[in-house]
Amino acid sequence: MTAILKHANEIVSRCRILASYSEEPEFLTRTFLSSPMRAVHADVGNWMKQAGMSVRIDNAGNIRGCYAGTSCSAAPLIIGSHLDTVPHAGAFDGPLGVLLGIGLVEMLGGRRLKFPMHVIGFSEEEGVRFGVPFIGSRALTGDVDNDLLARMDSKGVSVEQAIREFGLDPARIGEDSVAAGRYLELHIEQGPVLESLDLPLGVVETIVGQSRLGVRFCGQANHAGTTPMNLRRDALAGAAEWMQAVEHKARATADLVATVGQIEAKPGAGNVIPGEVSLTLDVRHGSDATRRENVVAFLDCARQIATRRGLNVSFEKRLDQPSVSMDGALTDGLARAVEDCDHPVHRMNSGAGHDAMIMARRMPAAMLFLRSPGGISHYPDEAVFVEDVAAALAVGAKFVNFLEAGGE
Ligand code: HGY
Ligand code: MN
Ligand code: MN
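Residues numbered from 1 in each chain as written. Chains lettered and ligands numbered in written order. Predicted model: local features only at pLDDT ≥ 70, side-chain atom pairs only at ≥ 80, totals over all residues. Heavy atoms only, no water.

(A) Spotlight on the overall build of the chain. Of regular secondary structure, the chain possesses 12 helices and 16 strands. Here the C-alpha radius of gyration of the chain, 23 Å, is about what a compact globule of 408 residues would show, namely 22 Å. Across its three principal directions, the C-alpha atoms of the chain cover 75 × 45 × 35 Å. A buried classification covers 54% of the 408 residues belonging to the chain. (Helix = DSSP H or I, 4+ residues; strand = E, 2+ residues; numbered from the N terminus. Rg over C-alpha atoms; globule rule 2.2 N^0.38 Å. Buried < 20%, exposed > 50% of the residue type's maximum accessible area, 1.4 Å probe, protein only.)

Next comes the structure, spelled out in structure tokens:
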């Protein structure tokens, strides 16, 4: 087995080790600053130190490794991805990008570049615990505001409190932002495109924008046996009618995706008509105008259904993240590195959101995708081919040399 395949094997096994640190015994679920994140920090911190990096945890819970360069004025290359997961997650969405970053430092074998290399494991990207994503990378771009710190989780714990309980200081998050650099994120595609083209890697051009909302239908809880159908104000039946309408509209609109991922009916007993239903709506499209006009249409539709059924409906806008194009020069450099490693260059959009869309607010950013076998992600069957991890290491090393030689 070649050295780079062995290295790739080690990176895949490390992903599987991190996947064992979970809030649940049977599945991988690791949300913002939950206790399993401490074990993740311990292992990732050790691997960073073994690679010759200094390591610290910042006040947003990001773990940050720094591999010094020879010039103290050169802007760092920051390689990052997230260490939190969705519920019942796979082992590679996020951690693979952090461990590939450490792998690229390991490949230097002690050689110092002009610029420092920073590897960052972001504390939160998925938005599971607090309903809003990107807490970790927003700390690096100086975008953690009081509204975010005040958001509560399902147990009434605020972001600020969660940070304190982890032993960090939310008042000092402002010190953790970065002024300059170049950002690279390596990530599984989480979709079927590269597999359908039988390609190991893809170069991301644009990360599509996304809207995330909370929606609540309120009617009248009542007895399931004594209340005639024509006298009901059934919040769940109204929500179900609306979800069908959302799906129908999304299917009819090219490249639009709309998802109700969470739903809770109260009081939640089989013999009680649901009086209240809370659900989430996730809408994405490459065009921000198309995405936003469809969100308006979905909310108008909810109001019409609610009026007809005698329900009330309310909305909470949690995220309106515009689509973000990757930096042209960096992306061209990444494409050239793919070519130099004898792989076809496939430029593509990302339907998934990534920390790169936040980091791009402050610095040039580029993303490299690895093929997702079966196109599966956000699910325990999520996988990656070791050969593709080796290909990503080789391309990443070429890209680092491109920057060292004076690329962007
Ligand atoms: O939901 C997403 O787009 C990403 O997986 N956080
Ligand atoms: Mn991800
Ligand atoms: Mn994800």
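(B) Local environment of the coordination of the manganese ion (ligand 2). All of the protein donors around the manganese ion (ligand 2) are His-82 (NE2), Asp-93 (OD) and His-187 (NE2); their distances to the metal are 2.0 to 2.3 Å. Here the manganese ion (ligand 3) and the manganese ion (ligand 2) are spaced 3.5 Å from one another, each receiving a donor from Asp-93. Residue His-82 is located in strand β3 (residues 77-82), and its partner Asp-93 is located in the loop between β3 and α3 (95-108); the two are separated by 11 residues in the primary sequence. (Donors = N, O, S within 2.8 Å, 3.2 Å for Na, K, Ca; no water.)

(C) Local environment of the site of ligand 1. Lining the immediate environment of ligand 1, one finds Glu-125, Glu-126, Gln-210, Arg-212, Arg-284, Ala-352, Gly-353 and His-378. Contact between ligand 1 and Glu-126: a nitrogen atom at 2.9 Å from a side-chain N or O atom of the residue. In isolation ligand 1 offers 220 Å² of accessible surface; the protein chains occlude 93% of this area. Of the residues in the shell around ligand 1, the class split is 1 nonpolar, 3 polar and 4 charged. For the shell around ligand 1, the two domains that each supply at least three residues are domain 1 (3-208 + 323-404) and domain 2 (209-321). (Near = heavy atom within 4 Å. Polar contact = N/O pair within 3.5 Å; in protein donor to acceptor, adjacent residues only side chain to side chain. Areas by Shrake-Rupley, 256 points an atom, 1.4 Å probe, with all protein chains shown as cover. Nonpolar A, V, L, I, M, F, W, Y, C, P; charged D, E, K, R; others polar. Domains from an automatic or database assignment.)

(D) Region of the structure containing the packing of helix α10 (residues 328-340) against helix α12 (residues 386-404). Here α10 crosses α12 at 130°, and the two axes come no closer than 8 Å. It follows from the interaxial angle that α10 and α12 lie oblique. For the pair α10 and α12, the sense of crossing is right-handed. Residues Ala-329, Leu-330, Gly-333, Leu-334, Arg-336, Ala-337, Val-338 and Asp-340 of α10 pack against Val-395, Lys-398, Phe-399, Phe-402 and Leu-403 of α12. (Axes fitted to C-alpha atoms, helices over the stretch in contact; angles between N-to-C directions. Parallel < 35°, antiparallel > 145°, perpendicular 65-115°, else oblique. Left-handed = near helix turned anticlockwise from the far one by under 90°. Contact = heavy atoms within 4.5 Å.)

(E) Structural context of the coordination of the manganese ion (ligand 3). Around the manganese ion (ligand 3), the donor atoms from the protein are Asp-93 (OD), Glu-126 (OE) and His-378 (NE2), and they sit 2.1 to 2.2 Å away. Written as a sequence motif, the donor residues of the manganese ion (ligand 3) are D-x32-E-x251-H.

(F) Structural view of the nonpolar core. Judged by nonpolar contacts, the single largest core of 78 residues is most densely connected at Leu-96 and Met-117. Looking at this core, the element that brings in the most residues is α12, giving 11 residues. In this structure Met-117 touches Met-53, Gly-65, Cys-66, Tyr-67, Leu-77, Ile-79, Leu-104, Val-105, Leu-108 and Val-400, once residues within four positions along its chain are discounted. Formed by 22 residues, the second largest nonpolar core is a distinct cluster that contains Ile-120, Leu-194, Ala-356 and Phe-369. (Core = buried A, V, L, I, M, F, W, Y, C linked by side-chain atoms within 4.5 Å.)

(G) Quick peek at the packing of aromatic side chains. Evaluated as defined, the whole model comprises 4 aromatic pairs. Relative to Phe-130, the ring of Phe-32 has its centre 6.0 Å away and its plane inclined at 75°; by these criteria the two rings are edge-to-face. Within this pair, whereas Phe-32 is found in the loop between α1 (3-19) and α2 (36-50), its partner Phe-130 is found in the loop between β4 (117-122) and α4 (135-140), the two being separated by 98 residues in sequence. Of the two residues examined, Phe-32 and Phe-130, each falls in the buried class. (Phe/Tyr/Trp six-rings, centres within 6.5 Å; stacked < 30°, edge-to-face > 60°.)

(H) Broad picture of the state of the cysteines. Overall, the coordinates contain 0 disulfides when judged by the stated rule. With no disulfide of its own, Cys-218 has Cys-301 as its nearest cysteine by sulfur position, at a separation of 17 Å. (Disulfide = S-S within 2.5 Å.)

(I) Fine view of the pairing of strand β5 (residues 182-188). In terms of burial, β5 is a largely internal element, 7 of the 7 residues being buried. Across the two faces of β5 the burial is the same, with Arg-182, Leu-184, Leu-186 and Ile-188 and Tyr-183, Glu-185 and His-187 all buried. Inspection of the sheet shows β3 paired to β5 by 3 bridges, in the parallel sense. When the bridges of β5 are listed, Ile-78 appears paired with Tyr-183. With 6 bridges joining them, β5 and strand β16 (residues 365-370) adopt parallel strand pairing. The residue bridging His-187 from the neighbouring strand is Phe-369, located in β16. (Pairing = 2+ DSSP bridges.)

(J) Layout of the side chain of Thr-280. Inspection of the secondary structure assignment puts Thr-280 in strand β12 (residues 276-285). The class for Thr-280 is buried, based on a relative accessible area of 17%. A polar side-chain atom of Thr-280 sits 3.4 Å from the main-chain amide nitrogen of Gly-261. For Thr-280, the side chain forms a polar contact with the main-chain nitrogen of Gln-262, separated by 3.0 Å. Beyond its immediate stretch of four places on either side in the chain, Thr-280 contacts Leu-213, Thr-259, Val-260, Gly-261, Gln-262 and Arg-318.

(K) Focus on α10. Helix length check: α10 (13 residues) gives 18 Å between terminal C-alpha atoms against 18 Å at 1.5 Å per residue, within 8%. Inspection of α10 places Leu-330, Thr-331, Gly-333, Leu-334, Ala-335, Ala-337 and Val-338 among the buried residues, and these make up the whole buried set. Those residues of α10 that are buried are in contact with β5, β6 (201-207), β15 (347-350), β16 and α12. At the N-terminal boundary of α10, the capping side chain belongs to Asp-327, with an oxygen 3.2 Å from the backbone nitrogen of Ala-329. Directly beyond the C-terminal end of α10, a positive phi value near 60° is found at Asp-342. (Expected span 1.5 Å × (residues − 1).)

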